Amino acid sequence: MKLRRILHAADIHLDSPMLRLEEYEGAPVEQIRSATRSALAKMVDLAIGESVDLVVIAGDLYDGDWNEFSTGLYFVRESTRLIRHGIPLVVIRGNHDAANLMTQSLPLPLNPDGTSIMLDHAQVDRRIFEKLGVVIHGRSFATRAVTEDLSLAYPPPIQGMFNLGLLHTCLTGADGHANYSPCNPKQLQDKGYDYWALGHIHDRRECHQSGETPIVFSGNIQGRNIREVGAKGCVIVTIGDNNDLTTRFEPLDVVRWQSFDHDASQDESRDDLINAFADWLPNQLQLAENRSLAVRVNVTGGTQLSNQYHRSSDLLVNELRSIAIQHSGGQVWLENLKVRTKPSNFATIESALDETEGDDARHAISHVINALRSDESAQASLIMSLKSLWKRLPAELMAEEIDSFQLENPDLVASWLTAAEPILLSKLNPSEDAS
Amino acid sequence: MIIEQLDLIAFGKFTNRSIDLSLGPRRFHIVYGPNESGKSTSLRAINDWLFGFETKAVDDYVHNTTQLRVGGRLAEPESNLVLNCIRRKGNKDTLLAADNKTKIDSRILDSMLQGISKVTFAQQFGISHQQLVDGGQLILKGEGDIGEILFSAGAGLSQLKQVRERLLDDRKKLFSQRSTTAAMATSLKELDELRAQLRSIAILPTTYNRLRERLTNAVNDEKSNRQRLHEASAKRTKLDAFSRSAQLFVTRRLLQEQLEPVKSAILLDASFTNLRRDLNSRRINTDTQINRLKAELSELQDRLNAIELDERWLQQEVAIEQLNRSSGQYEQTARSISAKEARRVQIVREIDQHRQSLDGAQGTDGAPSLAEQLESMHLSDASQAEIRALTNQYSGVMQRYSQASEQFNRTSETHRKLEKQLKIGIRSVSPAVLDEAIRSTGNPQHLLAAESRCRAQVDSLRDKVNLLLHQLLGFDGTVEQAIELHIPSDSSLAFAEQGIEEIQRIVNARNHQHQQAIADHSIIQARLDSQNNTLALPDINDLDSARLIRDSLLSDLLDAATNGRLQTPKQAVELRDAVLKIDRIYTLLHDHHDHVLRKKQDERLLQESDGKVTALLEAQKQTDEKLQVSLNAWKSMWLDIGVAPGDIAEMREWRDIHGLLVDTAAKLSEACVELRQATATVRQAANHLGGAIELASPNLASPELSEHRHSSPATKLNELPLFAALELQDEPDSDSAALLRLFANAVNRRAELIEQETEYQSVQQQYKSVSEELERSRTSNDVASKQVDAWHSRWTSVVEPLASLGQVTPDSIDLMLRCVTEIAALRRELFGIDTELQQMRESQASFREAVFQVSMKSDPAFATSNANRDEVAQTALMVRQLQQQLANKQHLETLAEQAQKSSNLKRQLESERGAIDAELQSLCSEAGCDSSEQLVECERASDLRRELTNELNIVETQLRIYAANDSMEQFEFEASKYDGASLGSEIDDLSLEIEKREAELVEQQRSLGVLEAEVASLDGSAQAATLLQEQQNLLARIRRQANEYATLTIAQEVLSRAVEYYRGKNEGSVVDRAKDYFCRMTCGQYASLHVDFDDSDKPTLFAVQQRDKAMVPANRLSDGTADALYLAMRIASLEVHLRSHKPIPLIVDDCLIQFDDDRAAATLRILSELSLKTQVILFTHHAHLVQLATENLASDEFYLHQLDA
């Protein structure tokens, strides 16, 4: 039998927007629009261009709370394009799809052999492709929160064929991902399949040892926030005569997320940060192969410029945006600047505070802030004055899972306390702003 | 840290200007300079020196930016740390050592500055006129909030209020409950609009499903209507067919009758006539062509017979062409033979020349020539190569040998000289002992400064103790007696004082009540007096009289009105006046009634007041007696211990002064001990240095050393009674001078010893180095000598075979070998040329033979006639002859081919003629006639039959169309059932139905089109997704704004808490110190400061007036006094700060110009006192301040530095 190729993708999250990108003059607004659509189109182009024999998607076509039907129709259009080229498609519903009304009512196209592209959710379903010698075992999520181990019910392999398991799972658990359909690699190995195509975890990873059956998370095809950095795409599985296989990653993303981490401990002026960013950026653009970049700048370390960095963060943001525009021709979006520096003599000041507590007006500010950090009741009274605003904030902000914006989030209050000190010092010492 | 010296090396207008700020123990330095003298420049210089230059330099108008330098000496007296450094302008490594080159680690300076930033230094450790004014305004514009005042003064922040307002403004710009224009309100509005837009374009699953259902229904309806329309149309078509077919049936019958006569005629197809005409035409053409070809063939045969051909030449074609090709080579070979023969002659000549050259060099004496000998020796190439190699090495080997010998001789000489120097050199004494003594002593200035500080401390404390003793009013004893006083305990005094104060408070209250009662009594009495002075009142008669007048006037008026003689307004006015008069009388009587009542009441009150005043007077007397008893008891407590007391407040202050006296005396005792230790340290250091100098200078005998060592020990201050120290006078500073001299001696002596040591070590090092060099050059010399020997040995063995030639040198043998090599090469070339000549001659002969043979074979006659020509010419003639024969042959072949073609064509035409005849015969058979001439008639009959048949077919076809799927018979049968009238009516009905259904169908299709377009528009557009992305972008903005708002809110709260926290920590200590300063700065106008709570329980600062002890809120003070209050708080804060921190210089920039002379003098005294704890540098351009300082401060209480204009 000739070489067969299967394209394994997952977590399309079609029409899911890029998060936390505040618009500004010169930002690549057009480039990020419909990024997930472009990534899906690239996946179909790749499948057709490479003449793959089969495409499998391991769940989460859509976002659960997004039911705009154009999204589904776009998926129908792209899957139809695939099927017209004679490439069958097999999909399972993930936790997001299960909650999405589109997956219930959208008329999907049928595969060239007349089978449905979506696998059943009531039981483990399968699709046999006799000519390819490939069988797909998979089961869709029936509801959003499937906490039982779906893999237990997956049947034994069909002998003489290439058995591929399609599963939406957190496996043994991962940060930032709900604990759905948990199982462990050994269980999957014991099934005796030839390849496990997994979805749900957005970072690409392989969960098998050398010589074992490949258990692969292909990751999502387009990063959507700063936690999803680096190249995103799909895995091409090439199967030989004896069902021996090789895998190859193919990037599909059109916007790439990256973090620029800068240790400011050696900085002598703000220019050091600006220059370091200007040096880093061209290399990243080259690595991203002309894709748009969404970049977060993290500044850390103990530095004498700490207060200045905090105080002039608005100015810094503008300077970094200017660098981004200059070096990329408007291809880079500065997502955010996070200044988490500390004064270089922080330890000295801290110990000095212990010894001469409260005898210096400026240190009184530091003392109060430090006291507030560890005083929950004081924090509670602090946030009382914010409730009038918080009541009016959009529900979407309250529902964000990453860096929760709920007033009860202690990290949020801590970040405000950290930012308050340099703001106060800046306003009390306005002359320092000039420097 | 203090600044001991400021060096304005190249800064502003200054070049190498230094200001010495090292003097103490009071480190109060006044830097005076008129305008343009560089006062502000010096201030900036201190800042730039300590914290680095500003990016934009303003002091580079004399010295360019790269040359700017400011520096000096900083010291930490408590740790004896001294830093001499210079600051240059730049981004990196801007701190240099005193040499202006060596980089200094800036952390040393940072450590001395205790991490204080430039801004903090300027604000917390700098007081300018503007700061003072701003600080005063802060107090006046505030609400007297002690926390705010303390915080501002502590941090040197005069704009705290503005900061709070800015924070609030910034917050409001972002968000406010009621604002619709704040940034966040705008963002939230945009979000709402975006959401509405999204809702309007979003396609939800339910919408999509409903649309699909409507489309399906519309498709079904359209399909059903279309079916019914189709049925009606079919029926109408059939009826139409019946109607139209009636006439066709008649036509069919007529055509069938006309066809009957010609129905037997053979039907010839349409091409029959054309075919017949074409065959006739072709037959004529063919005959013409055959005749023309016969003539052509005859002419060609004649031309063939005229051509001649000689086959012998053609047989020799290959040979002749070969000869032709070789003829060029033959000519080339002939030319090469000539050239080779010329070269052969030249080589023979050259060999002879080489031989003669060799023999000439050797000389000829009849023996075999040298060349012959050498050639006969047959020296191998290897031998020759070795001889040449040795020849080449010869000069190098000899040169190296010569250089090595020379180097060895030179080094030997140097070695001998150094050895001699070392033998006569004497190793000096080691400087280590001095080094250790100097290091352990450290900087003697520091020791002396420490001693000086201790002495100044003792002096200062002694003065303070005397002053305090003097301030103990009512006590005439000594300090010792004052300290030994057994003052009544605080509790017993407090108890007694509280009793007195309580009674005093009662006395005051009763006094107040008494005064109040007297005042009330006076008021009542005054009222009664005024009531007694009332005017005469109208009586009842006056009232009756007025009433009569009124009644009379009214009666007259009524009569006049009745009689028509009314004289208004005169009568009306009179009546009104009469009424008013009655009213006034009535009012006066009523008021009098009230007055009488009030008078009676006041008389009663006056009587009560008299009693109250009397009672209060009695009670006051009793209380005064009690107060006097308590006061006597309290005074006796003081008198018992020998103190004549003042009032309670004075005695409280007395106790404070006494307490301060006791504390100061204790400090004086400690200071004496420290002074003794410092003096002992100085002496010990001097002894140590003296001993070390003696050890290091055994030959020196310094009288100073012995004098110092045997001087008397330092005065044992700690062994003296404490109070003897109060009388202690300054001793001559002999120890200090001795220490400085000994230290200088030690340093000089150590330098000398180090120099000697260095010189000795240098010679030692040199000797060692030259010894090693000598060894190396000896080895090199030996190696070079061995190389020369080895060369000679090899040379001898290699030239041994040439011994017969006599003495051979490398130069002569080289020449010989080159000649022999040249001869051998020429001989090899000569042999090669001979061989080539032989081969070329053989080749020429072979060509000539071949030409003869080919010409004979081609044509012997031709060979004979051309035998006298050369071979090349013969060959050319043969080639021309061959070409002629080849051209004849080609012409012959062309003509033969042409004749064959013509013959073939003739045969083909004859065959075609037969075929045409056969076809014509076939046409006759087809048309049923015998000859081709009858064919035309047959064709006419056939045409008529075909025409009629076609018409009949058309009619029948039409009928079949009308019949549609029915058979013709069935159709004819059915059509016969209808008559014309009923058929037309039925067709009209069907047409109406069809029209109606068609209209319906159009409408259904239009609706269907709309629905289909609607479904088609749901093509997966990204419009909603784009809006969703925009919504996310907007959410990111709102999140950022909310973060900013929260941060500002928390910053505002933190600031409030920090102010409160600072107040809690510092209120007691700072206000306590500030009281004294404020009192002194206001020259006693204010006695104290007091913190109390205002109506809203906020702690508020009050100034207590000396005159009446009235409490004035801080924000009600005058401008100048508010400035003084701010300055007092600043200095007090600084003093409290110094309790737990090392000193940092206080820079005062002309901030006293608002003060009058008294206040300025008082402030100068305060600054001078402060300078005992930290350095104070006052910059001023006011001469009167300098004058005030001179008049009010002792000469050692401040130091004046003058800058020139």
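Throughout this description, residue numbers start from 1 for each chain and increase along the sequence as written. Just so you know, chain letters begin at A and ligand numbers begin at 1, following the order they were written in. Reporting in this predicted model follows two pLDDT cut-offs: at least 70 for local features of residues, and 80 or more for side-chain atom pairs to be given and counted; totals over whole chains, interfaces and linings ignore these cut-offs and use all residues. Water and hydrogen atoms were dropped before computing side-chain values, which therefore reflect all heavy atoms in the structure.

### A short note on the overall build of chain A
Working step 1: Elements are defined by DSSP. Helices are runs of H or I of four residues or more, strands are runs of E of two residues or more, and each kind is numbered from the N terminus. What chain A contains, in helices and strands, is 15 helices and 14 strands.
Working step 2: The buried share among the 435 residues of chain A stands at 59%.
Working step 3: Any two residues whose heavy atoms approach within 4.5 Å are treated as being in contact. Once local pairs closer than 6 in sequence are excluded, the contacts in chain A between residues at least 24 apart make up 71%.
Working step 4: Here the accessible surface of atoms and residues is derived via Shrake-Rupley with a 1.4 Å probe, and residues count as covered only by protein chains that are part of the display. Surface exposure of chain A reaches about 17500 Å², of which carbon and sulfur atoms provide 48%. Only protein chains enter the accessibility calculation, which uses a 1.4 Å probe; a residue whose area is less than 20% of its type maximum is buried, one above 50% is exposed, and one in between is partly exposed.

### Quick word on the interface of chain B and chain A
Working step 1: At the junction of the two partners, chain B supplies 74 residues and chain A supplies 71 residues.
Working step 2: Two parts placed together each lose some accessible area under a 1.4 Å probe, and adding up what both lose gives the buried area. Carbon and sulfur atoms make up 63% of the surface buried where chain B meets chain A, a total of about 6200 Å² over both sides.
Working step 3: When the buried surface of chain B facing chain A is broken down by residue, Arg1039, Ile1050 and Tyr1061 of chain B rank first, second and third, together holding 12% of it.
Working step 4: Should a side-chain nitrogen of Lys or Arg be within 4 Å of a carboxyl oxygen of Asp or Glu, the pair is scored as a salt bridge. Put simply, arginine 195 of chain B and glutamate 396 of chain A hold a salt bridge, and the shortest N to O gap is 2.4 Å.
Working step 5: Pairs of N or O atoms within 3.5 Å make up the polar contacts considered here, provided that, within protein, one atom can donate a hydrogen while the other can accept it, and that residues adjacent in sequence are counted only when both atoms are side-chain atoms. For the pair chain B and chain A, the interface holds 15 residue pairs in polar contact (both at pLDDT 80 or more).
Working step 6: Within the residue set of the side of chain B that touches chain A, elements represented by two or more residues are helix 3 (118-124), helix 5 (146-155), helix 6 (160-174), helix 7 (183-201), helix 8 (205-259), helix 29 (1023-1081) and helix 30 (1119-1140) of chain B.
Working step 7: Broken down by element, the side of chain B that touches chain A gets its largest block of residues, 33 residues, from helix 29 of chain B.
Working step 8: Its residues placed into classes, the side of chain B that touches chain A shows 37 nonpolar, 25 polar and twelve charged. Gly falls in the polar group here, along with every residue not listed as nonpolar (Ala, Val, Leu, Ile, Met, Phe, Trp, Tyr, Cys, Pro) or charged (Asp, Glu, Lys, Arg).

### Considering the nonpolar core
Working step 1: Here, nonpolar core means buried Ala, Val, Leu, Ile, Met, Phe, Trp, Tyr and Cys residues that are tied together by side-chain atoms lying within 4.5 Å of each other. Core analysis: the largest hydrophobic core is formed by 143 residues, its most contacted members being Trp390 and Leu393 of chain A.
Working step 2: For this core, the element with the highest residue contribution is helix 29 of chain B, accounting for 24 residues.
Working step 3: In contact with tryptophan 390 of chain A, other than residues within four places in its own chain, are Met398, Phe405, Gln406, Leu407, Leu412 and Trp416 of chain A together with Ala1042 and Ala1046 of chain B.
Working step 4: Grouped together as the second largest cluster of nonpolar side chains are 44 residues, Leu40, Ala41, Leu82 and Leu252 of chain A included.

### Re the side chain of histidine 13 of chain A
Residue and element names in this part refer to chain A.
Working step 1: Relative to the elements of secondary structure, histidine 13 occurs in the loop between strand 1 (4-9) and helix 1 (29-32).
Working step 2: Within the local environment of histidine 13, its side chain forms a polar contact with the side chain of histidine 202, the two groups lying 3.3 Å apart.
Working step 3: Each residue touching histidine 13, except ones within four places of it in the same chain, is listed here: Thr36, Asp60, Leu61, Tyr62, Asp63, His96, His202 and Arg224.

### As for unusual backbone geometry
All names here are of chain A.
Working step 1: Of note in this structure, aspartate 11 is not a glycine but carries a positive phi near 50°.
Working step 2: You can see aspartate 11 is positioned in the loop between strand 1 and helix 1.
Working step 3: Judged by its relative accessible area of 1%, aspartate 11 falls in the buried class.

### Points about the environment of asparagine 111 of chain A
Residue and element names in this part refer to chain A.
Working step 1: With respect to the element layout, asparagine 111 can be found in the loop between helix 5 (101-105) and strand 4 (125-129).
Working step 2: Along the primary structure asparagine 111 and proline 88 are separated by 23 residues, whereas in three dimensions their C-alpha atoms are 5.2 Å apart.
Working step 3: In this structure, asparagine 111 is in contact with Ile83, Pro88, Leu89, Ser116 and Ile117, ignoring residues within four places of it in sequence.

### Structural notes on the sheet that holds strand 3 (residues 89-91) of chain A
Residue and element names in this part refer to chain A.
Working step 1: Spatial strand order, 3-2-1-10-11: five strands in an open sheet with mixed pairing. Of all strands in the sheet, those with a lone pairing partner are strand 3 and strand 11 (245-251), marking the two edges. The average undirected angle you get between the axes of adjacent strands in this sheet is 20°.
Working step 2: Here the rule is simple: two strands pair whenever DSSP picks up at least two bridges between them. Inspection of the sheet shows strand 10 (residues 233-239) paired to strand 11 by seven bridges, in the antiparallel sense. Bridging across to strand 11, threonine 238 finds its partner in threonine 246.
Working step 3: Note on definitions: angles span 0 to 180 degrees between N-to-C directions of axes, and those axes are lines fitted to C-alpha atoms, for helices only across the stretch in contact. Across the face of the sheet, helix 2 (residues 35-49) comes into contact with strand 1, strand 2 (54-57), strand 10 and strand 11 while running at roughly 175° to strand 1.
Working step 4: Against the sheet, helix 3 (residues 69-84) contacts strand 2 and strand 3, and its axis sits at roughly 140° relative to strand 3.

### Quick notes on the sheet that holds strand 1 (residues 2-11) of chain B
All names here are of chain B.
Working step 1: Judged by pairing direction, the sheet is antiparallel, and its five strands sit side by side in the order 2-1-4-5-6 without closing on themselves. Only two strands of the sheet have a single partner each, and these edge strands are strand 2 (14-20) and strand 6 (95-96).
Working step 2: Here six bridges tie strand 1 to strand 4 (residues 69-76), and the two strands are oriented antiparallel to one another. Paired with isoleucine 3 across the two strands is leucine 74, which belongs to strand 4.
Working step 3: Here helix 1 (residues 39-51) sits on the sheet in contact with strand 1, strand 2, strand 4 and strand 5 (81-88), set at roughly 105° to strand 1.

### As for the packing of helix 8 of chain B against helix 26 (residues 935-963) of chain B
Residue and element names in this part refer to chain B.
Working step 1: One way to put it is that helix 8 packs onto helix 26 with a least axis distance of 9 Å and a crossing angle of 160°. The angle between the axes of helix 8 and helix 26 places the two elements in the roughly antiparallel class. Between helix 8 and helix 26 the crossing geometry is left-handed. Across the interface between the two elements, Ala241, Arg244, Ser245, Leu248, Phe249, Thr251, Arg252, Leu255, Gln256, Gln258 and Leu259 from helix 8 touch Arg945, Leu948, Thr949, Glu951, Leu952, Val955, Glu956, Gln958, Leu959 and Tyr962 from helix 26.
Working step 2: Looking at the contact of helix 8 with helix 26, its residues break down into ten nonpolar, six polar and five charged. If an angle is under 35 degrees, it is roughly parallel; if it is over 145, roughly antiparallel; if it lies from 65 to 115, roughly perpendicular; otherwise it is oblique. In this scheme the crossing of two helices becomes right-handed for a clockwise turn of the near helix relative to the far one and left-handed for an anticlockwise turn of less than a right angle.

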